[in-house]
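Residues per chain, in single letters:
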Amino acid sequence: TRTRSRTRAFARLSTPSRNRESKSDRPRAVFFGTGSFGVETLWDLDMSDDVDLVGVVTAPPRPAGRKLELRASPIGQEADGCVGVKTILTPDRLRDREAIDSVLALRPDIAILADYGQLVPAPILDLPLGALNLHPSLLPRHRGATPIPATILAGDKETGVTLIQMDRGLDTGPIVAQARVPLRGSETTPELQEILKARADSLLQASLGPWIRGELKAVPQDESGATLTGRLTRDDGRLGPDIPALQAWRMVRAYLPWPGTFIETPSGRLVVLAGSVVDSAPGDVPGRLVAEGDGLALATTAGRLRLERVQPAGGRPMSGGAFLRGRGRDLVGRNLV
């Protein structure tokens, strides 16, 4: 992605623009983001004729990898390659007075957020053109920290991206624009994130200029349809005998890559990387591992979850069939622990 961002930055320098000479007349924008969801938005803000991107705010570097070396956030890595960005801020707490003052020192007119991960304090919400946030759901459905997994878990037929004007609440601000995305019903979280981050970028490109010119009006959310998502924990991915196969399959797709889904077997933890739903068979006992074709399945209260791809403790990812022919053969007929 670093190469791609630098390519876009070069395109910005080499592409004529009717507004390039009047850069100082454009509103000054600061972008807030941490995860990869906002990367394409950052690239296009760097090339935008609607705003002058004067700074980026992201999470500080965190320990990562086996050696726990400090690593910049996805946005921090990409911001370093942006042409127009002279200031990258990495506050631990945006609500600290020092952090707020550092942002306001950039004299921004507007804040734009995508997957930032911290509450935004009032002085930034109250900028002349406000603070706009790109949220990967059709608000007010799936407010909060994990809207994409929640969409998959709920079996929603469609999702989308919402651009809101932020207020003091959690994803409660009025809606500026929305883009809808129909779902096949088989998407994983990484697949859906890729779809939605491209749609988010397009939505902001189409909406930012009209918002700045006062041509778009924010509409209050319908509170009667509001739902709230929370942060995920490792134990959320545990598959038990009381979870129907369809819901277990949704969990497998929703919890990639974090927290992942797993079953506890007499031979240890088995991570489930991919699955599918098949019919129950006579005599199935919920929570029992059974042979299914050339592979392995988990019998549930409604149907079987076929284990298409798994990773045993201390092993490598493999197909369910390969696992059954090896360590998995002793698990047929055994119950979860």
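Bear in mind the structure is a predicted one, so any value in this text is a computation, not a measurement. (Residues numbered from 1 in each chain as written. Predicted model: local features only at pLDDT ≥ 70, side-chain atom pairs only at ≥ 80, totals over all residues. Heavy atoms only, no water.)

(A) Summary view of the sheet that holds strand 9 (residues 158–165). Overall, mixed pairing links the seven strands, which are arranged 5-2-1-6-7-9-10 in an open sheet. Both outer strands of the open sheet, strand 5 (88–89) and strand 10 (175–182), are each paired with one neighbouring strand and no more. The strands touched by helix 7 (residues 189–212) are strand 6 (110–114), strand 7 (131–135), strand 9 and strand 10; relative to strand 9, the strand with the most contacts, the crossing angle is about 35°. (Pairing = 2+ DSSP bridges. Helix = DSSP H or I, 4+ residues; strand = E, 2+ residues; numbered from the N terminus. Contact = heavy atoms within 4.5 Å. Axes fitted to C-alpha atoms, helices over the stretch in contact; angles between N-to-C directions.)

(B) Examining the side chain of serine 207 more closely. Inspection of the secondary structure puts serine 207 in helix 7. For serine 207, a relative accessible area of 4% puts it in the buried group. A distance of 2.8 Å separates the side chain of serine 207 from the backbone oxygen of leucine 203, its partner in a polar contact. Apart from residues lying up to four places away in sequence, serine 207 is in contact with Leu163, Ala177 and Leu216. (Buried < 20%, exposed > 50% of the residue type's maximum accessible area, 1.4 Å probe, protein only. Polar contact = N/O pair within 3.5 Å; in protein donor to acceptor, adjacent residues only side chain to side chain.)

(C) Region of the structure containing the pairing of strand 16 (residues 304–312). Where strand 13 (residues 268–278) lies against strand 16, eight bridges are found, and the strand directions are antiparallel. Each residue of the ladder has a partner; that of alanine 274, found in strand 16, is arginine 309. Remark: four residues form the turn of the hairpin made by strand 15 (residues 295–299) and strand 16, two consecutive strands paired antiparallel; glycine 303 in that turn has positive phi of roughly 85°. As paired strands, strand 16 and strand 17 (residues 318–319) are joined by two bridges and run antiparallel to one another. Paired with valine 310 across the strands is methionine 318, a residue of strand 17.

(D) Focus on the pattern of salt bridges. Inspection of every chain in the model, using the stated rule, returns 18 salt bridges. Linking arginine 97 and aspartate 101 is a salt bridge whose minimum nitrogen-to-oxygen distance equals 2.9 Å. On the criterion of helical spacing, the pair formed by arginine 97 and aspartate 101 is a turn pair, its members being four residues apart in helix 4 (residues 97–104). Relative accessible area serves as the criterion here: at 38%, aspartate 101 is assigned to the partly exposed category. Salt-bridge contacts for glutamate 223 lead to arginine 143; the nearest nitrogen and oxygen are separated by 2.8 Å. Taken together, the residues glutamate 223 in the loop between helix 7 and strand 11 (228–229) and arginine 143 in strand 8 (residues 143–144) connect sequence positions 80 residues apart. Classification of glutamate 223 by relative accessible area gives partly exposed; the value is 47%. (Salt bridge = Lys/Arg side-chain N within 4 Å of Asp/Glu carboxyl O.)

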